Amino acid sequence: MKLSCPSCGADVEFKSKASVFGVCPFCSSTLVRHDINLETLGKMAELPPDVSPLQVGTRGRYENSSFEIVGRLKVKWAEGSWNEWFALLDDGTQGWLGEFQGFYTMSFQVEDSSGVPPVDSLKPGVKVTVGKSQYQVDDIREIVCQGSEGELPFRAVKGRKSVSVDLGGQGETFASMDCSDDEGVLLYVGRYVDFDKFKFQALREIDGW
Amino acid sequence: MAGDAEAESAGGKKPAVKTFGCTSCGAPVSVKAVGQTVAVGCPSCGAVIDVTDDNYRIISEAQKKILFFPAIPLGRRGTLHGEKWEVIGFMVRTDGTGVYSWREYLLWNPFKGFRWLTEYNGHWNYIITTRKNPRAKKDSAFYLGRTYKLYNRGEAKAIFVLGEFYWRVAVGETVQVEDYINPPEMLSREVSAQEEIWSIGEYIEAGAIYAAFKPDAPLPTMIGVAPNQPNPEASAALMSWRNAWIFFGIIFLIQIATLVISSHSLAYHKGFMLMGDKPVDKFVTPSFAVKGWPSNLEFTLESPVDNSWIDLDIDLVNDGTGEVREFSHGVEYYHGRDSDGPWSEGGQKKDALLSDTPDGTYHINLDSTVATPPAQKTGAPQQPRVRYFELTVRRGVVSWSAFVLALLAIFAYLVFKSMKQGSFEAKRWEESDFSPYKPTD
């Protein structure tokens, strides 16, 4: 759906029905979507530079479907930063393509997060069951949103604070939790994927590579 | 961020190198893996700087003198395992005692992330961080269905840092390390106060490093055997098993072929009786034909000797060429009874093989000698001499002795190879406290 930016009037496209937040690609206004109405929250500061080969518009394949990256969330923790790319699959499913120190993951939100223990009861080594699978807490980090672009399913404003929990599962699988005041616990399960497996198209050009 | 030659912004434009002035010495410091690099060791003064900090905080102070130089210069690119990598970081680490030091090179590719090269005693490893932590139990670690044996447990201390790193490295940073091996792989665990990181490395030939990165100077000389260096004798042992099978196959086929094509046809057969009183007599056989492939002739001598013997000097004469082949043949048979019971020695029938005999017409000149029986006690009748023998000549007879000898040779070869393999394994474990080759305290 195409809407007009209340700030600059440019077309702002929302490809996913689930996207409630967007950044105007022309004037960097941060926009909250209420059905077909857009509300301006403020301006998104320029994202810190990075050399990610991904960008909004990059297409790829995951298992038997293809997807398009429609948004990005850049987060920072005490020891560095990483990207969570919001990916819209052809069947409308929303995925998150994680990019951390050259590793890539694809994960999907688990709607019912009621079964997981509260975040303050977790510490590395604790076992957590999600669905039928068991996971083990690897890391718990406090993260801050450094900025976002494109469209996203929650208010990914700069400075959004949350606690991120990484849980390792069987084989290449993992789970993760994002716990914030506004959204509560967001639970995801996913797996590691090799860069080449995604068969990416429309990657960002990187100077000299 | 004053003084930044900032990279172009994100959002579709090409990212570029980020450059800033070293907080300690002011020299320009560049960052390639922008967004991923957290700490940079200044190439001019060796100070380590936090690039995620707005003020470029110094993590560890400048070095008085830069004493270490990477064998592969920072910024150099090379292709390993089909992927192009750029060297962006270099670190020298020592063990807890400071006796052993090794060098680590951080490789980066904007699409594929990071890899490590480590160099110790001229031996190289190509390393990647594991996506999930392997399982460790006692002196073993388990990862993706393989078992790794503990080789080293101790400390690793960074004593020199140059270039970019994706964590906040500092000179003096010490972590607990464990190395587990299953050549050519090595599984390593690094535990710090913050985290536990596992990585998996594979031994890589120095020649491959040289070919990929074309360093300006020769790479460090290789010393000794690396913990996870593939045992060349192990692959050689595989080769020798292969060779042994091939060799066995060949001689087996030859033997089978010989069995198939050997006619084993009768060329000549006759019985002879020594005439007159003397124990010697000469015979000349009529000519007989030997047909087929050039192969051996079997001479079977049979005589009812009984506590006596018979000897033949045989001249085989080729009627066509006049060529003569001489050899001796004989049978002896003795038996009796002593304190241990009955005994016997020899026999009344014996074969002799004459190899590589061409076809043609032959005759035989025979010179025969028989035993004279020992003198008997007075009054007893003199035992008669055995004067009769039969000679049979057959064509194309298969010999098994060469085949058995060849099998023994193959076996000896394999035993030798496996001993060489064992001595390499002992060298591999020489520097380990967990060697299966020496008693543990």
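It should be emphasised that the depicted structure is a prediction, and the values quoted were computed from it without experimental measurement.

Draft legend 1. Spatial organisation of the overall build of chain A. The secondary structure content of chain A amounts to zero helices and 15 strands. Radius of gyration (C-alpha) of chain A: 17 Å, near the 17 Å computed for a compact globule of 209 residues. The principal-axis extents of the C-alpha atoms in chain A amount to approximately 50 × 40 × 35 Å. A burial count over chain A gives 38% of its 209 residues as buried. For chain A, the share of sequence-separated contacts (at least 6 apart) that also reach a separation of at least 24 residues comes to 50%.

Draft legend 2. The nonpolar core, seen in detail. Ranked by internal contacts, the top residues of the largest apolar core, which has 52 residues, are B:Ala39, B:Val48, B:Ile49, B:Leu107 and B:Val161. Ranked by residues supplied to this core, first place goes to strand β13 (residues 146-165) of chain B with seven residues. If we ignore the near neighbours within four places in the chain, the residues touching B:Ile49 are B:Cys22, B:Thr23, B:Val29, B:Ala39, B:Val40, B:Cys42, B:Tyr56, B:Ile58 and B:Ile59. With 37 residues, the next largest nonpolar core counts A:Tyr104, A:Val116, A:Val130 and A:Leu152 among its residues.

Draft legend 3. Region of the structure containing the interface of chain A and chain B. Between chain A and chain B, the residue contacts involve 26 residues of the former and 27 residues of the latter. At the level of secondary structure, the elements contributing two or more residues to the side of chain A that touches chain B comprise β8 (80-89) and β12 (133-152) of chain A. Class assignment of the residues belonging to the side of chain A that touches chain B gives a composition of ten nonpolar, seven polar and nine charged.

Draft legend 4. A look at the pairing of strand β13 (residues 161-168) of chain A. Residues and elements named next belong to chain A. As paired strands, β12 and β13 are joined by eight bridges and run antiparallel to one another. Bridge pairing links Arg-141 to Ser-164 in β13. The sheet contact formed by β13 and strand β14 (residues 173-180) spans six bridges and is antiparallel. Each bridged residue has a counterpart across the sheet, and for Leu-167 the counterpart in β14 is Ala-175. The antiparallel pairing of β13 with β14 creates a hairpin that spans four residues between the two strands, and Gly-171 there sits at a positive phi of about 55 degrees.

Draft legend 5. Structural detail: unusual backbone geometry. B:Pro183 connects to B:Pro184 through a cis peptide bond whose omega is 5 degrees. As for its placement among the helices and strands, B:Pro184 is situated in the loop between β14 (174-182) and β15 (185-191). Positive phi is not limited to glycine here, since A:Ala202 has a value of about 60 degrees. In this structure, A:Ala202 sits in the segment after β15 (184-192).

Draft legend 6. Structural view of the packing of helix α2 (residues 232-261) of chain B against helix α3 (residues 401-428) of chain B. Residue and element names in this part refer to chain B. Look at α2 against α3: their axes get within 9 Å of each other, and the N-to-C directions meet at 175 degrees. Relative to α3, α2 is oriented roughly antiparallel. Each of Glu-233, Ala-234, Ala-236, Ala-237, Ser-240, Ala-244, Phe-247, Phe-248, Ile-251 and Gln-255 in α2 lies in contact with α3, whose residues at this interface are Phe-403, Ala-406, Ile-410, Tyr-413, Leu-414, Lys-417, Ser-418, Lys-420, Gln-421 and Phe-424.

Calculation rules
Residues numbered from 1 in each chain as written. Chains lettered and ligands numbered in written order. Predicted model: local features only at pLDDT ≥ 70, side-chain atom pairs only at ≥ 80, totals over all residues. Helix = DSSP H or I, 4+ residues; strand = E, 2+ residues; numbered from the N terminus. Rg over C-alpha atoms; globule rule 2.2 N^0.38 Å. Buried ≥ 20, exposed ≤ 12 C-beta atoms within 10 Å, placed from the backbone. Contact = placed C-beta atoms within 7 Å. Core = buried A, V, L, I, M, F, W, Y, C linked by C-beta atoms within 7 Å. Nonpolar A, V, L, I, M, F, W, Y, C, P; charged D, E, K, R; others polar. Pairing = 2+ DSSP bridges. Axes fitted to C-alpha atoms, helices over the stretch in contact; angles between N-to-C directions. Parallel < 35°, antiparallel > 145°, perpendicular 65-115°, else oblique.

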